[in-house]
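Close look at the chain arrangement
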Amino acid sequence: MFKTISLTAIALAFSTTTSLAATNITWWHGMAGRNGEVINEVAQKFNASQSACALTPVSKGTYEEALASGVAAFRAGEQPNILQVFDAGAATIINAKGAVIPAEDLITKAGYSFDRNAFIDGVRYFYADADGKFVGMPFNSSAPIMYINDEALKKAGVEAPKTWEEFETIAPKLKEAGFIPLVQSQLTWQFTENFFSRNNIQFATNNNGYDSVVDTKLKVTDPNLEMMFDKLKAWKDQGYFAFYGAGWNDNQKVFEEGKAALWIGSSGSFGGLQKTATMPFSATFLPYWGSIKGAGTNSFIGGAALFAMSGKSDEENKCVADFFEFLTSPEIQYFYHKSTGYVAITKAAYELAQKDGHYKEKPVAEVGIKQLLLPAGEWSKGYRLGFYPQIREIMEREYGRIFSGEATVKDALETIETEGNELLARFAKTAG
């Protein structure tokens, strides 16, 4: 006797069979909130676009926690296929022997063509090797830009500064109008790493660490950086600059509330700021010092990249390559750009956004991309420094001491350089 099988049951069985036939790959990341939701949406779009691969994203907490989890999993032979690694952790994963397959090699082996020039210049080098080969695939990329409280500048009768010299001219007027002239949210990325990039000054020896980990040393005692922090301390004492510690949101909040005129933040903050800002705002480039010869070059990216972990089957590696190809398509890049505020990493996606009128509707969304497309300098592509998350912690500690009056700028920078170089030497031993 035959049993009647419903169409629903047949469809479910077919669906299960199809799912089982697909090659499963995992993606560990360090994003939460809306950004984490968009990652899930990107994965769903990829899974729906084909039937050979099934991608599962897994949140591992913060950037730091995701990196730690990925390194521990690799040592245990339980690594994911894809690991999101933030900018400061790039050297750690790239120099972990045998841990990753360069993204460019993975993609070309899968039969895809790969054009480095298709990527925006400020994006192209940060996760590449010294020869320009992509080791990581840039993903959520951002630039440090200056957000503007339009009402504050209008009330003070001033225009947004292009240089720090111009800021010094308008700061008294902004203060007199009842506003905190300037706040920022990350002294390490915005006023140290990108200070060197925006002003085209060498950040570390060995080509900012790209050429070798051996004997690489920081150059944070550079007189220009000392001048920058002397200025920041003086501006704070004069009421032209406010510092609320190392917490990102603690510094952003006063801008959102309309109390600050200018905020140095991330271009990737635009999506959230549209919802939290209590006043009209615009944005412009991160200022530079007009007095520094060669200054005004592009900044480099912040955010994170995706790394293909080694030790996986050819089928899984092919799926990772398929996903990277999907992820960098103009349509998906534009979707991600619109959904998050992070920059579109390819020129084709940028052109698609322009053609669609996205920047006419939301001009702030274009500022970070335009800054990344500024002329490059010898020292504007970024850095490759080991144990850099720990070096950032030293910087944050010492910068806090500057603004609390516990240390002079000169002493703080010397401490950062000494302790940072000790960490770089230790990293060279582990990487070697």
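Owing to the predicted nature of the structure, the values given are computational and were not obtained by experimental measurement. (Residues numbered from 1 in each chain as written. Predicted model: local features only at pLDDT ≥ 70, side-chain atom pairs only at ≥ 80, totals over all residues. Heavy atoms only, no water.)

1. Side note on the side chain of Ser 380
You can see Ser 380 is positioned in the loop between α18 (364-372) and α19 (388-404). Taking relative accessible area as the criterion, Ser 380 reaches 2% and is therefore assigned buried. A polar contact is formed between the side chain of Ser 380 and the side chain of Asn 298, at a distance of 2.6 Å. At a separation of 2.8 Å, a polar atom in the side chain of Ser 380 contacts the main-chain amide nitrogen of Gly 377. When residues no more than four places from it in sequence are discounted, the contact partners of Ser 380 are Ser 197, Asn 200, Thr 297, Asn 298, Ser 299 and Phe 300. (Helix = DSSP H or I, 4+ residues; strand = E, 2+ residues; numbered from the N terminus. Buried < 20%, exposed > 50% of the residue type's maximum accessible area, 1.4 Å probe, protein only. Polar contact = N/O pair within 3.5 Å; in protein donor to acceptor, adjacent residues only side chain to side chain. Contact = heavy atoms within 4.5 Å.)

2. Considering the state of the cysteines
Covalent bonding between the sulfur atoms of two cysteines defines a disulfide. A full pass over the atoms with the stated rule returns one disulfide. Across the disulfide from Cys 53 sits Cys 319; the S-S distance is 2.0 Å. Residues Cys 53 and Cys 319 are joined by a disulfide whose S-S torsion is about -85°; by sign, that bridge is left-handed. With a gap of 266 residues between them, Cys 53 in strand β2 (residues 53-59) and Cys 319 in helix α14 (residues 314-327) connect regions that are remote in the sequence. Among the residues examined, Cys 53 registers a relative accessible area of 3% and is labelled buried. The buried category is assigned to Cys 319, whose relative accessible area is 2%. (Disulfide = S-S within 2.5 Å.)

3. Overview of the domain arrangement of the chain
When the domains of the chain are assigned, the result is domain 1 (23-142 + 301-328) and domain 2 (144-300 + 380-431). Using C-alpha coordinates to define each centre, domain 1 is positioned 28 Å away from domain 2. At the junction of the two partners, domain 1 supplies 20 residues and domain 2 supplies 22 residues. When domain 1 packs against domain 2, the two sides together hide about 1,600 Å² of surface, and 57% of this comes from carbon and sulfur. Summed over the three residues of domain 1 that lose the most area to domain 2, namely Ala 88, Phe 126 and Ser 142, the buried surface amounts to 32% of that side. At the junction of domain 1 and domain 2, the tally comes to one salt bridge. With its nearest N and O atoms 3.5 Å apart, the salt bridge here joins Arg 392 to Asp 87. Linking domain 1 with domain 2 are five residue pairs in polar contact (both at pLDDT 80 or more). Sorting elements by how many residues they give to the side of domain 1 that touches domain 2 places helix α4 (residues 90-94) first, with four residues. Tallied by class, residues from the side of domain 1 that touches domain 2 come to eleven nonpolar, six polar and three charged. (Domains from an automatic or database assignment. Buried area = accessible area lost by both parts, 1.4 Å probe. Salt bridge = Lys/Arg side-chain N within 4 Å of Asp/Glu carboxyl O. Nonpolar A, V, L, I, M, F, W, Y, C, P; charged D, E, K, R; others polar.)

4. Let's talk about a negative patch on the surface
Among the surface-exposed residues, Glu 64, Glu 65, Glu 393 and Glu 396 lie close enough to one another that they form a single negatively charged patch. At the level of secondary structure, the elements contributing two or more residues to the negative patch comprise α3 (63-75) and α19. For Glu 65, the location among the structural elements is in helix α3. (Patch = residues over 30% accessible without salt bridge, like charges linked within 9 Å, V, L, I, M, F, W, Y side chains within 5 Å. Areas by Shrake-Rupley, 256 points an atom, 1.4 Å probe, with all protein chains shown as cover. Lys, Arg positive; Asp, Glu negative; His and termini not counted. Charge placed at Lys NZ, Arg CZ, Asp CG, Glu CD.)

5. Quick look at the sheet that holds strand β9 (residues 281-285)
Ordered by their spatial adjacency, four strands build an open sheet running β7-β8-β6-β9, and the pairing between neighbours is mixed. A strand with exactly one partner marks an edge of an open sheet, and here the two such strands are β7 (180-184) and β9. Each strand of the sheet is rotated relative to its neighbour by a mean of 25°, with strand direction disregarded. Where strand β6 (residues 144-149) lies against β9, five bridges are found, and the strand directions are antiparallel. If you follow Ile 145 over to β9, its bridge partner there is Phe 285. Sitting on the sheet, α18 touches β6 and β9, and the angle it makes with β9 is about 5°. (Pairing = 2+ DSSP bridges. Axes fitted to C-alpha atoms, helices over the stretch in contact; angles between N-to-C directions.)

6. A closer look at the packing of helix α9 (residues 187-198) against α19
With their axes 10 Å apart at the nearest point, α9 and α19 run at an angle of 95° to one another. On the basis of their axis angle, the class for α9 and α19 is roughly perpendicular. Seen from α9, the contacting residues are Leu 187, Thr 188, Trp 189, Thr 192 and Glu 193; seen from α19, they are Tyr 388, Arg 392, Met 395, Glu 396, Tyr 399 and Phe 403. Looking at the contact of α9 with α19 residue by residue, the classes come out as six nonpolar, two polar and three charged. (Parallel < 35°, antiparallel > 145°, perpendicular 65-115°, else oblique.)

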